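Chain by chain, the residues:
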Amino acid sequence: MSAPSRPTRKEQQARTRAALIGSAMSAMASKGLQAASIAEIAADAGFTKGAFYANFASKDELLLAVLDETFDRAVGDIERAVRDHDDIDAQARDAGDAWITQTGAEPRGGRLFLELMVHAVRDEAFRAAFVERRRGLRDRVTRIYEERAAELGLVAPFPLEDAARMTSVMAHGVALDRLVEPDGIGDDFFGTMLVTFFAGLQVGGSAAG
């Protein structure tokens, strides 16, 4: 049998970046944004500070990569829910349950997002990049909603980009509430919230003519 091929430089860099992002998520969620140092993040991932700076120009650049990872997972859960179910209630329930699982089984996600939001409020340059990514996330979710509405032949009572913002606010509110009161929200809470929201959206909308 031939020996397995060695990873390419690009593949190795991708693995290094992924390891650093994972280490950062754990360190910053448990210790806080400021207390988690670059040296600690790199060491926990099995690398040196030199390896960190070979992949990220600064700590803020790493934070934005963490944010990208978080948003990609959220959109992926929505896309999977739409792909796996034909019924809009089942899609909403699945997406809501996925978010509850992510923020419940991995509470670091909720803590980390709160840390990032606070940092965005305090640092204007980071806030601008943070807002740009949030808008990108809403644009992606809006496109999913628009495609689904077209499939159902529905016209929403207000712009679907507003619906994307509403569900985003709901998701973040649920995640933060679970940080304060972990036992206060059941596993089906957010799914029920989304089912109710989209039911109202359908009732208030109209058939495309």
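Note that the structure is a prediction, hence the values are computed from the model and not measured. (Residues numbered from 1 in each chain as written. Predicted model: local features only at pLDDT ≥ 70, side-chain atom pairs only at ≥ 80, totals over all residues. Heavy atoms only, no water.)

Participant: Give me the overall build of the chain: which residues, what numbers.
Facilitator: For the chain, the helix and strand inventory stands at nine helices and two strands. Counting from the amino terminus, helix and strand elements in the chain follow one another as α-α-α-α-α-α-α-β-α-α-β. In terms of overall dimensions, the chain has C-alpha extents of about 60 × 50 × 35 Å along its principal axes. Looking at the 209 residues of the chain, the share that counts as buried comes to 39%. As displayed, the chain offers around 11,600 Å² of accessible surface, 54% of which is attributable to carbon and sulfur atoms. Within the chain, the 32 negative side-chain charges are centred at a point lying 8 Å from the centre of the 25 positive side-chain charges. (Helix = DSSP H or I, 4+ residues; strand = E, 2+ residues; numbered from the N terminus. Buried < 20%, exposed > 50% of the residue type's maximum accessible area, 1.4 Å probe, protein only. Areas by Shrake-Rupley, 256 points an atom, 1.4 Å probe, with all protein chains shown as cover. Lys, Arg positive; Asp, Glu negative; His and termini not counted. Charge placed at Lys NZ, Arg CZ, Asp CG, Glu CD.)

Participant: Run through the packing of helix α8 (residues 160–180) against helix α9 (residues 189–204), naming residues and quoting values.
Facilitator: Here α8 crosses α9 at 160°, and the two axes come no closer than 11 Å. The angle between α8 and α9 places the two elements in the roughly antiparallel class. As for how α8 packs across α9, the hand of that crossing is right-handed. Counted together, L160, A163, M166, T167, M170, A171 and V174 of α8 and F189, F190, M193, L194, F197, F198 and L201 of α9 form the full contact between these two elements. When its residues are assigned to classes, the contact of α8 with α9 shows 13 nonpolar, one polar and no charged. (Axes fitted to C-alpha atoms, helices over the stretch in contact; angles between N-to-C directions. Parallel < 35°, antiparallel > 145°, perpendicular 65-115°, else oblique. Left-handed = near helix turned anticlockwise from the far one by under 90°. Contact = heavy atoms within 4.5 Å. Nonpolar A, V, L, I, M, F, W, Y, C, P; charged D, E, K, R; others polar.)

Participant: Break down empty space enclosed by the protein for me, citing the residues and quoting the values.
Facilitator: For the coordinates displayed, the defined rule picks out two cavities of 30 Å³ or more. What the largest cavity holds in volume is close to 610 Å³. Lining the largest cavity are 37 residues, with I78, V141, Y145, T167 and F198 sitting closest to its centre. For the lining of the largest cavity, the secondary-structure elements that each account for two or more residues are α4 (59–84), α5 (88–105), α7 (124–152), β1 (154–155), α8 and α9. (1 Å grid on protein atoms, 1.4 Å probe; cavity = no way out; pocket = protein on both sides within 12 Å on 5 of 7 lines; lining within 4 Å. Points joined across faces, edges and corners; volume = space filled by probe spheres on them.)

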